[in-house]
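Descriptive analysis of the structure
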Amino acid sequence: METSQDAPRTSGRRRWWALVGFAAAVFVAAAIGGLGVQGTTGEYASLQQPSWAPPSWLFGPVWSLLYALIAVAGWLVWQRVGFGPAIWAWTAQLVLNAIWTPLFFGAGQYGLAFAEIVVMWLAIGLTVVLFARVSRVATALLLPYWAWVTFAAALNLSIWQLNS
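The notes below deal with the structure included here. A quick note: this is a predicted structure, and the numbers were derived from the prediction, not measured.

On to the packing of helix H4 (residues 85–106) against helix H5 (residues 110–132), then. Contact geometry of H4 with H5 gives a least axis separation of 8 Å together with a crossing angle of 160 degrees. When the axis of H4 is compared with that of H5, the two are roughly antiparallel. Crossing handedness for the pair H4 and H5: left-handed. Of the residues that constitute the contact of H4 with H5, the class distribution is 21 nonpolar, three polar and one charged.

Attention now moves to the environment of Phe 59. With respect to the helices and strands, the residue Phe 59 is situated in helix H3 (residues 59–81). Beyond its immediate chain neighbours, meaning those up to four positions away, Phe 59 contacts Tyr 44, Pro 54, Trp 148 and Leu 155.

Counting residues in each nonpolar core, the largest one holds 50 residues, and the members touching the most others are Ile 70, Phe 104, Ile 117, Met 120, Phe 131 and Tyr 145. Among the secondary structure elements, those contributing two or more residues to this core are helix H1 (12–37), H3, H4, H5 and helix H6 (136–162). For Phe 104, the residues in contact, after removing those within four places along its chain, are Tyr 44, Gln 109, Tyr 110, Ala 113, Asn 156 and Ile 159.

With that out of the way, let us pick up the packing of H3 against H4. Relative to each other, H3 and H4 sit at 160 degrees, their axes nearing to 9 Å. Considering their axes alone, H3 and H4 lie roughly antiparallel with respect to each other. Our pair here, H3 against H4, has a crossing hand that is left-handed. Across the interface between the two elements, Trp 63, Tyr 67, Ile 70, Ala 71, Gly 74, Val 77 and Trp 78 of H3 pack against Ala 86, Ile 87, Trp 90, Gln 93, Leu 94 and Asn 97 of H4. Partitioned by chemical class, the residues of the contact of H3 with H4 number ten nonpolar, three polar and no charged.

Conventions we followed
- Residues numbered from 1 in each chain as written.
- Predicted model: local features only at pLDDT ≥ 70, side-chain atom pairs only at ≥ 80, totals over all residues.
- Heavy atoms only, no water.
- Axes fitted to C-alpha atoms, helices over the stretch in contact; angles between N-to-C directions.
- Helix = DSSP H or I, 4+ residues; strand = E, 2+ residues; numbered from the N terminus.
- Parallel < 35°, antiparallel > 145°, perpendicular 65-115°, else oblique.
- Left-handed = near helix turned anticlockwise from the far one by under 90°.
- Nonpolar A, V, L, I, M, F, W, Y, C, P; charged D, E, K, R; others polar.
- Contact = heavy atoms within 4.5 Å.
- Core = buried A, V, L, I, M, F, W, Y, C linked by side-chain atoms within 4.5 Å.
- Buried < 20%, exposed > 50% of the residue type's maximum accessible area, 1.4 Å probe, protein only.

Pasting the structure below:
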């Protein structure tokens with residue numbers, strides 16, 4: 001017998017409203033991050049950075065694309081299994097994502113931000129593992145995000161070391 005939690009979520013308007021909900025959740029995380037970087041362009045530019053650091057203008061377009069992928073991935077998994085461990089892991093990594101930017105940019109806590117991004121990286125990894133049990137497409141959509149956070153963690157560590 002199928003429970004409401006196990007039932008596919010693919011019918012009618014509810015499906016599309018759910019996509020709006022996933023997009024809204026990601027937008028909130030992005031907005032929190034955006035608030036964390038307001039007025040910090042000069043501060044970031046003044047930091048010692050490794051030679052391989054990308055230009056600051058690149059972060060906005062990359063994160064916009066990644067946030068869209070994150071929303072669609074969560075939505076695809078939700079359609080198959082509803083709210084369960086995979087979506088809770090997705091939610092946890094999104095909350096951690098929202099926390100990192102204010103820690104790094106707003107508070108200038110580069111060491112604490114690095115510890116937090118490691119936890120976020122692990123949460124994304126758990127999400128990828130749980131999504132792999134449900135949807136290959138959703139899993140593939142999260143891989144660029146995980147790769148970028150890997151890069152961001154290395155950049156965070158380098159900036160912390162160069163500026164401490």
